[in-house]
Amino acid sequence: DNGFCVSRQNACDNQWKAWADLAWFEWCDENIAHWSRADWDCPVIVRLHSYEAFGNMPEAVNWQNISHLIFVAPHIQQLVHQRWPELAKVPQSVIPNGVKLNGLEYKERSHGKRIGYLGYLNHKKGIDLLIQAMYSFPEYEFHVAGSFQDPHLEYYALNSWAEMSNVWFHGWIDNKDEWLEEVDYLIDRKS
């Protein structure tokens, strides 16, 4: 027992505000825009992801009440500084998005012809480039597993893939180890 207690809440209220020794807001969204207007007796940390950097929500936050701003990537930090130069005054750091590796098994692979994509499917993941690769390399199998986050992209991708005999869409995969056994390469797109 280290004496720490963590409570994960989807929304803040005065009870949790009074209880907290440190408040971490994982998104720069309406929740922090509202609670940045309150006085806090503890440090307040905000983690800003890419989708917030392309929106206008950072304008709604009272940054004078924020103790530390965390970015998910250096290029997101640069983008935010370009759009809102005054945010460079807020103490900040970059902590990249993590991948939960425990529980996944890895093995040596030989060359093969099966390429996999595993994760959420949205515009920032470069699905249009993946579709180009599928057309350009018909000798390879492309196995796509994940969940669409944009109905327009889903419509476009599924209709594009329907024309190709080298593409398999598996939907969301719970047993990732088993699925990974069936691919030789894994496409990784940093966002």
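Residues numbered from 1 in each chain as written. Predicted model: local features only at pLDDT ≥ 70, side-chain atom pairs only at ≥ 80, totals over all residues. Heavy atoms only, no water.

Student: Explain the nonpolar core here, please?
Tutor: A general tendency of soluble globular proteins is for nonpolar side chains to be buried together. Of all hydrophobic cores here, the largest spans 28 residues; its most connected members are F25, I32, W40, V46, L48, W63 and I66. Contributions of two or more residues to this core are made by strand 1 (23-25), helix 2 (30-35), strand 2 (44-48), strand 3 (68-71) and helix 4 (74-83). In this structure, W63 is in contact with C28, V46, P58, L69, L87 and V90, ignoring residues within four places of it in sequence. Among the nonpolar cores identified, the runner-up in size contains 15 residues, and L130, F148, A157 and M164 belong to it. (Core = buried A, V, L, I, M, F, W, Y, C linked by side-chain atoms within 4.5 Å. Buried < 20%, exposed > 50% of the residue type's maximum accessible area, 1.4 Å probe, protein only. Helix = DSSP H or I, 4+ residues; strand = E, 2+ residues; numbered from the N terminus. Contact = heavy atoms within 4.5 Å.)

Student: Would you mind going over the sheet that holds strand 5 (residues 114-121) with me for this structure?
Tutor: Paired through backbone hydrogen bonds, the strands of a sheet run either parallel or antiparallel to each other. Within the open sheet, the 4 strands sit side by side as 7-6-5-8. Their pairing is parallel. Every other strand in the sheet has two partners, leaving strand 7 (167-171) and strand 8 (185-187) as the edge strands with one partner each. Put simply, the sheet's adjacent strands are angled 25 degrees from each other on average, direction ignored. Against the sheet, helix 5 (residues 127-136) makes contact with strand 5, strand 6 (141-148), strand 7 and strand 8, and its axis sits at roughly 160 degrees relative to strand 6, the strand it touches most. With respect to the sheet, helix 6 (residues 151-162) is in contact with strand 5, strand 6 and strand 7, its orientation differing from that of strand 6 by roughly 160 degrees. (Pairing = 2+ DSSP bridges. Axes fitted to C-alpha atoms, helices over the stretch in contact; angles between N-to-C directions.)

Student: So what exactly am I meant to see when it comes to a nonpolar patch on the surface here?
Tutor: A cluster of nonpolar residues, L22, W24 and I95, forms a patch on the protein surface that exposes about 290 Å² of accessible area. With respect to the helices, strands and loops of the structure, W24 is situated in strand 1. For W24, a relative accessible area of 42% corresponds to the partly exposed category. (Patch = residues over 30% accessible without salt bridge, like charges linked within 9 Å, V, L, I, M, F, W, Y side chains within 5 Å. Areas by Shrake-Rupley, 256 points an atom, 1.4 Å probe, with all protein chains shown as cover. Salt bridge = Lys/Arg side-chain N within 4 Å of Asp/Glu carboxyl O.)

Student: Help me out: how do you make sense of the sheet that holds strand 1 in this one?
Tutor: Ordered in space as 1-2-3-4, the 4 strands form an open sheet in which the pairing is parallel. In the strand order of this sheet, the two ends are held by strand 1 and strand 4 (92-94), each with one partner. With direction set aside, neighbouring strand axes in the sheet form an average angle of 20 degrees. Bridging between strand 3 and strand 4 involves 3 bridges; their strand directions are parallel. Its bridge partner lying in strand 4, F71 is registered against V94.

Student: Would you explain the confidence of the model for the chain in this entry?
Tutor: Predicted coordinates in regions of low pLDDT should not be interpreted in detail. Scored by pLDDT, the chain has a mean of 88; 92% of the residues are at 70 or more. No element of the chain has a lower mean pLDDT than helix 1 (residues 14-19), at 76, and none a higher one than strand 3, at 97. (pLDDT = per-residue confidence, 0-100.)

Student: Hey, could you run me through the pairing of strand 7 in this one?
Tutor: Strand residues, when the strand is regular, have side chains that alternate between the two faces of the sheet. As paired elements, strand 6 and strand 7 share 4 bridges and run parallel to each other. Within the sheet, the bridge partner assigned to H143 lies in strand 7 and is W168. With helix 6 bridging strand 6 and its parallel neighbour strand 7, the resulting β-α-β unit is right-handed. (Right-handed = clockwise from strand over helix to strand, strands pointing away.)

Student: I keep staring at the side chain of D184 and nothing clicks. Help me out?
Tutor: Mapping D184 onto the fold places it in the loop between helix 7 (176-180) and strand 8. Note on D184: relative accessible area 15%, which makes it buried. Among the polar contacts made by the side chain of D184, one reaches the main-chain amide nitrogen of K113 at a distance of 3.1 Å. Other than its neighbours up to four places away in sequence, D184 contacts R109, S110, G112, K113 and R114. (Polar contact = N/O pair within 3.5 Å; in protein donor to acceptor, adjacent residues only side chain to side chain.)

Student: In this structure, what is going on with the pattern of salt bridges? I would like to understand it.
Tutor: Close approach of charged atoms lets side chains of opposite charge pair. Under the criterion given, the structure shown has 2 salt bridges. Across the pair R47 and E26 runs a salt bridge, and its minimum N-O distance is 2.7 Å. With R47 in strand 2 and E26 in the loop between strand 1 and helix 2, this residue pair connects regions lying 21 residues apart in the sequence.

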